[in-house]
Amino acid sequence: STKIIIAIDGHSGCGKSTTARQVAVQLGYTYIDTGAMYRAVTLYFIQHKIDLASEKAVREALAKIHITFEGDPETGTIQTHLNGQNVEEEIRKLPVANAVPEVSAIPDVRKAMVGLQQKLGHNRGIVMDGRDIGTHVFPHAELKVFMTADSLVRAERRRIELQAKGEQVELAEIAQNLEKRDHLDTTRTESPLRKASDAQLLDTSHLSIAGQVEWVVQQAYLTI
Ligand code: C5P
């Protein structure tokens with residue numbers, strides 16, 4: 001059968017990554033987490049105290065950044081590597097989450113990441129999640145999904161996720177981070193988060209992960 005590109009965009013914390021990963025496993029596709037790329041760049045910028053206002057410093061740093069993914073095709077689990085080091089845990093923590101919107105709004109950062117993403121999707125048969133996949137990275141993706149959910153529902157899900165990793169974070173703090181990121185992501189000038197006109201809207205407020213996955217897989221079968 002023909003392999004397609006599935007673009008999943010949407011607000012922070014709707015379960016995009018979990019859904020995208022499981023859809024990829026079911027279809028035998030490759031899952032690509034573009035948020036992890038922006039997070040890895042952000043971690044590097046924090047570690048090396050890169051001055052975000054300096055175009056030169058940003059470009060020099062970008063040239064030194066190599067992002068790779070080590071995956072387990074059985075479970076679809078992916079570990080993000082930054083210059084050969086596994087940074088999967090580090091990039092999920094709040095210091096990175098708080099700094100990533102500012103870093104991902106820098107045009108040179110986006111240019112570098114979008115180029116890498118288009119290369120990774122070249123062979124099709126991919127599920128890619130992010131903020132601008134359907135609008136910018138793959139405007140001709142065969143299937144586009146735009147995910148959203150009530151912000152308190154999203155914060156509660158994220159809280160449970162962090163708790164399972166042994167991190168106790170207040171619901172209010174998480175909700176604040178999600179809302180701030182949504183705001184920055186939708187109002188930035190460079191590839192802002194918005195629903196592509198040909199994307200299918202999926203509100204996950206009242207759906208389980210299994211329900212979300214089934215819905216997207218169904219749409220994929222209708223598209224293939
Ligand atoms: O998807 P995730 O929450 O991991 O993304 C983290 C941040 O990376 C987002 O809040 C956004 O600022 C940025 N991002 C982006 N474009 C993408 C994916 C993520 O700007 N395609």
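In every chain, residue numbers begin from 1 and rise along the written sequence. For this predicted model, a pLDDT threshold of at least 70 governs which residues receive local features, and a threshold of 80 or more governs which side-chain atom pairs are given and counted, while totals over whole chains, interfaces and linings are taken from all residues.

Under an unreviewed UniProt entry, the name given to the chain is Cytidylate kinase, and the source organism is Larkinella humicola. UniProt positions are given in the numbering used here, feature names are shortened, and annotations may be inferred rather than shown by experiment. A UniProt comment under Subcellular location (unreviewed entry) is attached to the chain, and it reads "Cytoplasm".

Undergrad: Could you clarify how one ought to interpret the pairing of strand β1 (residues 5–10) in this entry?
TA: Residues in a regular strand project their side chains so that they alternate between the two faces of the sheet. By the criterion of burial, β1 is predominantly enclosed, with six of the six residues buried. Of the two faces of β1, the one lined by Ile-5, Ala-7 and Asp-9 and the one lined by Ile-6, Ile-8 and Gly-10 are each fully buried. Relative to strand β6 (residues 126–130), β1 is paired through five bridges, and the arrangement is parallel. Opposite Ile-5, over in β6, you have Ile-126 as the bridge partner. With C-beta atoms placed from the backbone, a residue counts as buried when 20 or more other C-beta atoms lie within 10 Å of its own, as exposed when 12 or fewer do, and as partly exposed for counts between those limits. Strands here are runs of E lasting at least two residues and helices are runs of H or I lasting at least four, both read from the DSSP assignment and numbered beginning at the N terminus. Strand pairing follows a simple DSSP-based rule, namely that at least 2 bridges must link the two strands.

Undergrad: Is there a simple way to explain helix α5 (residues 107–120) in this structure?
TA: The span you would expect from a helix comes to 1.5 Å times its residue count less one. With 14 residues, α5 ought to run about 20 Å at 1.5 Å a step, and its terminal C-alpha atoms sit 20 Å apart, in line with that. Of all the positions in α5, only Val-109, Met-113 and Gln-117 are classed as buried. Projected down its long axis, α5 carries its buried residues within an arc of 55 degrees, all on one side. Opposite its buried face, α5 presents the exposed residues Pro-107, Gly-115 and Lys-119, each directed more than 90 degrees away. By the convention adopted here, residues make contact when the C-beta atoms placed from their backbones lie within 7 Å. Packed against the buried residues of α5 are β2 (30–33), α2 (34–47), α3 (55–63), α4 (94–104), β6 and α6 (133–137). Throughout, the arc means the angular range of directions from the helix axis out to the C-beta atoms.

Undergrad: What is the right way to look at the pairing of β2 in this model?
TA: Going residue by residue along β2, you find Thr-30 and Ile-32 tucked away on one face and Tyr-31 and Asp-33 tucked away on the opposite face as well. Here four bridges tie β2 to β6, and the two strands are oriented parallel to one another. What sits directly across from Asp-33, in β6, is Asp-129.

Undergrad: Help me out: how do you make sense of the site of the ligand in this one?
TA: Residue proximity rests on one test: whether the C-beta atom, placed from the backbone, lies within 6 Å of the molecule or strand. Gly-35, Tyr-38, Ser-104, Gly-130 and Arg-131 are the nearest of the 13 residues found near the ligand. Counting only elements with at least two residues in the shell around the ligand, the list comes to α2, α4 and α8 (171–187). It is α2 that contributes the most residues to the shell around the ligand, four residues altogether. Note on residue classes: Ala, Val, Leu, Ile, Met, Phe, Trp, Tyr, Cys and Pro are nonpolar, Asp, Glu, Lys and Arg are charged, and everything else, Gly too, is polar. Tallied by class, residues from the shell around the ligand come to three nonpolar, five polar and five charged.

Undergrad: Would you explain the sheet that holds strand β7 (residues 143–148) in this entry?
TA: What links the strands of a sheet is backbone hydrogen bonding, and the strands pair in either a parallel or an antiparallel sense. Strand order in the open sheet made by the five strands is β2-β6-β1-β7-β8, with parallel pairing throughout. At either margin of the open sheet sits one strand with a lone partner, and together these are β2 and β8 (200–203). Neighbouring strand axes in the sheet, compared pairwise and without regard to direction, differ in orientation by 20 degrees on average. Bridge count between β1 and β7: five bridges; the pairing is parallel. When the bridges of β7 are listed, Ile-8 appears paired with Val-145. Only the stretch in contact is used when a helix axis is fitted, and all axes are lines through C-alpha atoms; the angle between N-to-C directions ranges over 0 to 180 degrees.

Undergrad: Hey, could you run me through the sheet that holds strand β3 (residues 67–72) in this one?
TA: The three strands lie next to each other as β3-β4-β5, forming an open sheet whose pairing is antiparallel. Each edge of the sheet is formed by a strand with only one pairing partner; in this case those strands are β3 and β5 (85–86). With six bridges connecting them, β3 and strand β4 (residues 77–82) associate as antiparallel partners. Across the sheet, the residue bridging to Thr-68 is His-81, located in β4.

Undergrad: Just checking my understanding: could you explain the nonpolar core for this structure?
TA: In a soluble, globular protein the nonpolar side chains are often hidden away together inside. Nonpolar cores are identified as sets of buried Ala, Val, Leu, Ile, Met, Phe, Trp, Tyr and Cys residues joined via C-beta atoms within 7 Å. Grouped together as the largest cluster of nonpolar side chains are 29 residues, with contacts concentrated most on Ile-6, Ala-7, Ile-8, Val-23, Val-127 and Val-145. Those residues in contact with Ile-8 that sit more than four places away from it in its chain are Lys-16, Thr-19, Ala-20, Val-127, Asp-129, Ile-133, Val-145 and Met-147. In terms of nonpolar packing, the next biggest core, distinct from the first, is built from 18 residues, Tyr-44, Phe-45, Val-58 and Met-113 among them.

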